[in-house]
Amino acid sequence: MNNIVAIVGRPNVGKSTLFNRLIQRREAIVDSVSGVTRDRNYGKSEWNGKEFSVIDTGGYVRGSDDVFEAEIRKQVELAIDEADVIIFVVDVEEGITPMDDAVARLLRKVTKPVLLAVNKVDNAMREKDAIEFYNLGLGEYYTFASISGSGTGDLLDALIDAFPIKPEPTQEEVVLPRFAVVGRPNAGKSSFINALIGKERYIVTDIAGTTRDSIDTKFDRFGFEFNLVDTAGIRRKAKVKEDLEFYSVMRSVRAIEHADICILIIDATRGFEGQDQSIFWLAEKNRKGVVILVNKWDLVEKETMSTRDYEAKIREELMPFTDVPILFVSALTKQRLLKALEATVKVFENRQQRIATSKFNEFMLKVIEAYPPPATKGKYVKIKYCMQLPTPTPQFVFFANMPQYVKEPYKRYLENKIRENWDFSGVPIDIYIREK
């Protein structure tokens, strides 16, 4: 197990900038508006050959009425519980504030190593100003500037020295499949993940757009092991007013691009809307496996809309790619969540499926013989050989004497026949016709 480092402090002291510097990617959203980071954001870092995980937390606020700030406080306390070492970030420009005192009081009770990191120290004058942080009662401090990176080397050296000694892992780390949980804002994505992992890993409120970053969580329960990615809700471009929300949408799109399977969460009370379709086609365009979960099914009047009617309506909107698992769940009551997991793992296995060339030819050549491509301009197309390509997603090539005369409807016919004989449910298939 890697060591875990939690970065804590009051809002807007530069925690996310330090986090981005440590993981060497612009993963956490950074803005001059305080309270941008709301959930715990995880990343990997390495220094002097030592790997460790970093948690970026929302700013710790005491005595606030804001619903988010109360939740952020809980998240910070959870992050402190998870961490091996804590970096407490303060701001030399502001000096010690009452909120810094409140965080210091919390950290003085912690038995784990705490590194006091004074940010924005980029000249000798500010170096002198940093002396006042001894008053926090946390001992030695480290000065640095998260934007320029000066001083972070000394901070990281101290961090490595503070790590507890752990036994070396006996086997290499396995790259786990990535399942991205996507959907419109407030469809219940974070509630779904919290219900699965049995912890309040994500902040959940009834305000749309609570999750702003895309965040990875390792899942290892019920015999399944993979990474779950909670994404910020995706809205139409016209609705993206805030800069922050624009970044969140971009991060969700990136999460879809880097995922293996997309779990599309739909709000049952709103139906399968245009934006849900856009997200579905974005995942399909990126050739990702897709599972559709109709969430909040416990809130729907069953007399007015049965699962069969609801499912038929969704499949009608998904034409021609209708071979997708659709499950009706409730994150609140945990209804059918295990079935949803099983369906997602099955789609991942379908995406990895490889068909032996001999078996593929044996079946498909009979299908083609029974219904050959229609003749065009008196030309007859003959397909004599076919195979699956060695690609990460299912792609099939058919060798023909005149590939230019094989049109889209016939390609769809071939795809349907493949799906009838082999289970590729939830997975987009590519068909290529090449000259033999």
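Residues numbered from 1 in each chain as written. Predicted model: local features only at pLDDT ≥ 70, side-chain atom pairs only at ≥ 80, totals over all residues. Heavy atoms only, no water.

(A) Molecular detail of the overall build of the protein. Of the regular secondary structure elements, the protein holds twelve helices and 15 strands. Looking at the protein as a whole, 53% of its 436 residues are labelled buried. Of the roughly 21200 Å² of accessible surface on the protein, 50% is carried by carbon and sulfur atoms. (Helix = DSSP H or I, 4+ residues; strand = E, 2+ residues; numbered from the N terminus. Buried < 20%, exposed > 50% of the residue type's maximum accessible area, 1.4 Å probe, protein only. Areas by Shrake-Rupley, 256 points an atom, 1.4 Å probe, with all protein chains shown as cover.)

(B) Broad picture of the pairing of strand β1 (residues 3-8). Within β1, six of the six residues are buried, which leaves it mostly tucked inside the rest of the structure. In β1, alternate side chains face the same way, and those of Asn-3, Val-5 and Ile-7 on one face and Ile-4, Ala-6 and Val-8 on the other are all buried. One ladder, built from five bridges, connects β1 with strand β3 (residues 50-56); its direction is parallel. Among the inter-strand pairings, Ala-6 is bridged to a residue of β3, identified as Ile-55. Pairing between β1 and strand β4 (residues 85-91): four bridges, direction parallel. When the bridges of β4 are listed, Val-5 appears paired with Val-85. (Pairing = 2+ DSSP bridges.)

(C) Just helix α12 (residues 408-421), in detail. Across its 14 residues, α12 extends 20 Å between first and last C-alpha, which sits within 8% of the 20 Å expected from 1.5 Å per residue. When we look at burial in α12, the residues that qualify are Tyr-410, Tyr-413, Leu-414, Glu-415, Ile-418 and Arg-419. Those residues of α12 hidden inside the fold are in contact with α11 (357-370), β13 (383-388), β14 (395-400) and β15 (430-435). (Expected span 1.5 Å × (residues − 1). Contact = heavy atoms within 4.5 Å.)

(D) Broad picture of the pairing of strand β10 (residues 261-267). By the criterion of burial, β10 is predominantly enclosed, with seven of the seven residues buried. Of the two faces of β10, both are covered, the one formed by Ile-261, Ile-263, Ile-265 and Asp-267 as well as the one formed by Cys-262, Leu-264 and Ile-266. By the bridge criterion, five bridges tie strand β7 (residues 178-183) to β10 in an arrangement that is parallel. Following the sheet pairing, Val-182 is matched in β10 by Leu-264. Sheet topology places β10 next to strand β11 (residues 289-295); seven bridges connect them, and they run parallel. Bridging from a neighbouring strand, Asp-267 pairs with Asn-295 of β11. After leaving β10, the chain enters helix α8 (residues 274-285) and then returns to the sheet as β11, a path that is right-handed. (Right-handed = clockwise from strand over helix to strand, strands pointing away.)

(E) Seen up close, the environment of Lys-120. Relative to the helices and strands, Lys-120 is located in the loop between β5 (114-119) and α4 (124-129). In this structure the C-alpha to C-alpha distance between Lys-120 and Thr-143, which are 23 residues apart in sequence, comes to 7.9 Å. Discounting chain neighbours no more than four positions away, the residues touching Lys-120 are Asn-12, Val-13, Asp-91, Val-92, Glu-93, Arg-126, Phe-144 and Ala-145.

(F) Structural view of the sheet that holds β15. One open sheet accounts for three strands, arranged β13-β14-β15; its pairing is mixed. Unpaired on one side and paired on the other, β13 and β15 mark the two borders of the sheet. The mean inter-strand angle of the sheet, taken between neighbouring strand axes irrespective of direction, is 20 degrees. Inspection of the sheet shows β13 paired to β14 by five bridges, in the antiparallel sense. (Axes fitted to C-alpha atoms, helices over the stretch in contact; angles between N-to-C directions.)

(G) Representation of empty space enclosed by the protein in the model. All chains considered together, the criterion is met by one cavity of 30 Å³ or more. The calculated volume of the largest cavity comes to roughly 30 Å³. Class assignment for the residues of the lining of the largest cavity results in two nonpolar, two polar and four charged. (1 Å grid on protein atoms, 1.4 Å probe; cavity = no way out; pocket = protein on both sides within 12 Å on 5 of 7 lines; lining within 4 Å. Points joined across faces, edges and corners; volume = space filled by probe spheres on them. Nonpolar A, V, L, I, M, F, W, Y, C, P; charged D, E, K, R; others polar.)

(H) Highlighting the environment of Thr-111. The topology assignment puts Thr-111 in the loop between α3 (98-108) and β5. Overall, Thr-111 belongs to the exposed group, its relative accessible area being 81%. Through-space distance from the C-alpha of Thr-111 to that of Val-85 is 9.8 Å; in sequence the pair is 26 residues apart.

(I) Main features of the pattern of salt bridges. This structure, assessed with the given rule, holds 15 salt bridges. A salt bridge links Glu-311 to Arg-315; the nearest nitrogen and oxygen atoms lie 3.0 Å apart. With Glu-311 and Arg-315 both in helix α9 (residues 307-317) and four residues apart, this pair spans about one turn of that helix. With a relative accessible area of 24%, Glu-311 lands in the partly exposed category. (Salt bridge = Lys/Arg side-chain N within 4 Å of Asp/Glu carboxyl O.)

(J) Region of the structure containing the packing of aromatic side chains. For the structure shown, the criterion picks out 18 aromatic pairs. Their ring planes at 40 degrees and their centres at 5.8 Å tell us that Phe-280 and Phe-321 sit as a pair that is tilted. On the criterion of sequence distance, the pair formed by Phe-280 in helix α8 and Phe-321 in the loop between α9 and β12 (326-328) is long-range, its members being 41 residues apart. By the burial criterion, Phe-280 is buried, and Phe-321 matches it. Considering the side-chain rings of Tyr-310 and Phe-328, the 5.8 Å spacing of their centres and the 90 degrees angle between planes classify their relative orientation as edge-to-face. With Tyr-310 in helix α9 and Phe-328 in strand β12, the pair connects residues that are 18 residues apart, well separated along the chain. Both residues of the pair, Tyr-310 and Phe-328, count as buried. Pairwise contacts between aromatic rings join Phe-360, Phe-363, Phe-396, Phe-398, Trp-422 and Phe-424 into one cluster. (Phe/Tyr/Trp six-rings, centres within 6.5 Å; stacked < 30°, edge-to-face > 60°.)

(K) Region of interest: the nonpolar core. Ranked by internal contacts, the top residues of the largest apolar core, which has 28 residues, are Phe-179, Phe-192, Phe-219, Phe-226, Leu-228, Ile-263 and Leu-293. Taken together, the elements giving at least two residues each to this core come down to β7, α6 (189-197), β9 (224-230), β10, β11 and α10 (337-352). Ranked by the residues each element gives to this core, the list is headed by α10, at seven residues. Setting aside residues up to four positions removed in sequence, Phe-219 forms contacts with Leu-196, Ile-197, Phe-224, Glu-225, Phe-226, Leu-228 and Leu-341. By size, the runner-up hydrophobic cluster in this structure holds 26 residues, among which are Val-229, Ile-256, Tyr-310 and Ile-314. (Core = buried A, V, L, I, M, F, W, Y, C linked by side-chain atoms within 4.5 Å.)

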